[in-house]
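# Notes for the structure review
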Amino acid sequence: MMDPEVCLLLDCAHWSGLREHQVQVELSDRFNRQTDPLLEQHINQVWTERLSKEPWLFNGAKFRLHSFCLDSPENLGCFQSDCGEQQAGDAAQHSGDFINGCTLQTEDGGGDSQKISQPKHRPGSVLTLRLGLTCYKDYLGTNWSGEVAELRRRGQEFGDPLALLAQPLGVGAVLCTCDGQVVFIRRSQKVAEAGGLLDIPGGHPEPKAVCERLGKAAGEEQISLVMMQQRPDAVVSELFSSICAEIRDEINIPLSSLGAPVLMGIALNNTSAGRPSSEFYISCSLSSDEVRTLYWKGGAEASESTDVVFLSTTEVMQLNRSSPLWSEMCPSAKGAMLLYQVVKPG
């Protein structure tokens, strides 16, 4: 199913989704966004203009997805996080071939991108995410700016069209109740993106939360990868736990009612220059009626949505571009639905 708003960078259908112990991260400043004085001037200008209109905006640190390395019994392949012109439907497989236009990177320097060595694999791990640091300010000035096409062209000078983009890694969840209903929320008209559209619970893993968990509390602008490099497992833990926290805060479901997150894959939002999001499947021990009751009591982030909507898992499996609800979904929800249909978790 082709949709210009989204594409799948990676699906984990071969494993029916990945559990936390099957994922590891590699942290390095090499995976940060490239830049130059002209771009920094543009980012500062965009940020100043946005703050003048929305003074409540907050510049938080985020993890930047540079690329990933996927291991399987058949192959080991490393890939740049760019779908190019490919769309969903050419979902990533576990072979070592190109994935949705992503450049194959091997230890002998194959491919068009800079040489990146293979990561050291933790026993049982299947997927390695290569992460740098970025921030919300950089996202607004790159992925969300009107200069994306030019930034992608200039990125080719670094061998990567995404080299100058922030590419913050998000999280989202296909949340399924015990009576077989998938939970959606109607986004408030007051949110920055996709106001009024149907979405899934989601947000971002927070570098600050990792640092605090490691006893290294710091302001957002003082956070560095050095503070986390000795404990990459804490970053993986934040990746998996942050989506549960988002469900708690957005829908008001207690953490004790949620199953362990299962990573279905990574989808790219083409309306924001291919911004990546890790999409999870999470089971819930509550019924849809119980979830509806909790939602209307209001959670910590209740102001971000105006309604809760349920679709049966059968209806979700049948969703396509001709479905009436498809046009009401924001790109993040579409990407998660496509992954759910491919991976079939649960």
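Just above sits the structure.
Quick summary incoming for the structure in this document. Every value quoted in this text rests on a predicted model; they were computed, and no experiment measured them. (Residues numbered from 1 in each chain as written. Predicted model: local features only at pLDDT ≥ 70, side-chain atom pairs only at ≥ 80, totals over all residues. Heavy atoms only, no water.)

Attention now goes to the overall build of the protein. Scanning the protein from terminus to terminus reveals 8 helices and 13 strands. Taking all 346 residues of the protein together, 57% fall into the buried category. The contacts in the protein between residues at least 6 apart in sequence include a share of 73% that link residues at least 24 apart. (Helix = DSSP H or I, 4+ residues; strand = E, 2+ residues; numbered from the N terminus. Buried < 20%, exposed > 50% of the residue type's maximum accessible area, 1.4 Å probe, protein only. Contact = heavy atoms within 4.5 Å.)

Along the polypeptide, Arg-275 turns up in strand S12 (residues 275–283). Excluding anything up to four places from it in sequence, Arg-275 contacts Tyr-139, Asn-143, Gln-167, Pro-168, Glu-193, Ala-267, Leu-268 and Asn-269.

Per the stated rule, a full pass over the model turns up 17 salt bridges. In this structure, Arg-30 engages Glu-26 in a salt bridge whose closest nitrogen and oxygen atoms are separated by 3.5 Å. Given a relative accessible area of 18%, Glu-26 falls into the buried group. Where salt bridges share partners, they join Asp-3, Glu-5, Arg-321 and Lys-334 into one cluster. (Salt bridge = Lys/Arg side-chain N within 4 Å of Asp/Glu carboxyl O.)

For strand S13 (residues 305–312), the buried fraction is high: 6 of the 8 residues fall into the buried class. Of the pairings in the sheet, the one linking strand S8 (residues 181–187) to S13 comprises 7 bridges and is antiparallel in character. Bridge pairing in S13 places Val-182 opposite Leu-311. (Pairing = 2+ DSSP bridges.)

Counting residues in each nonpolar core, the largest one holds 55 residues, and the members touching the most others are Leu-129, Leu-131, Leu-175, Met-228, Ile-253 and Ile-282. Here this core takes 9 residues from helix H5 (residues 232–251), the largest share from any one element. When neighbours within four sequence positions are excluded, Ile-282 is seen to be in contact with Ala-173, Val-174, Leu-175, Cys-176, Ile-243, Cys-244, Ile-247, Leu-258, Gly-259 and Pro-261. (Core = buried A, V, L, I, M, F, W, Y, C linked by side-chain atoms within 4.5 Å.)

With that out of the way, let us pick up the packing of aromatic side chains. All chains considered together, the criterion is met by 6 aromatic pairs. On the basis of an interplanar angle of 85 degrees and a centroid distance of 6.3 Å, the ring pair of Trp-47 and Tyr-136 is categorised as edge-to-face. Taken as a pair, Trp-47 in helix H1 (residues 37–53) and Tyr-136 in helix H2 (residues 136–141) lie far apart in primary sequence, 89 residues in all. Note on Tyr-139 and Trp-144: the rings are 6.3 Å apart at their centroids and 25 degrees apart in plane angle, and the pair reads as stacked. (Phe/Tyr/Trp six-rings, centres within 6.5 Å; stacked < 30°, edge-to-face > 60°.)

Right, let's talk about the pairing of strand S2 (residues 23–27) for a bit. With respect to burial, S2 is a largely interior element, 5 of its 5 residues being buried. Of the two faces of S2, the one holding Val-23, Val-25 and Leu-27 and the one holding Gln-24 and Glu-26 are both buried throughout. Strand direction decides the pairing type here: S2 and strand S6 (residues 127–135), joined by 5 bridges, are parallel. The residue of S6 that forms the bridge with Val-25 is Leu-129.

The phi torsion at Ser-16 lies on the positive side, around 55 degrees, for a residue other than glycine. Mapped onto the elements of the fold, Ser-16 is located in the loop between strand S1 (6–11) and S2. A relative accessible area of 38% means that Ser-16 is categorised as partly exposed. With a phi close to 75 degrees, Asn-252 is a non-glycine residue in the positive phi region.

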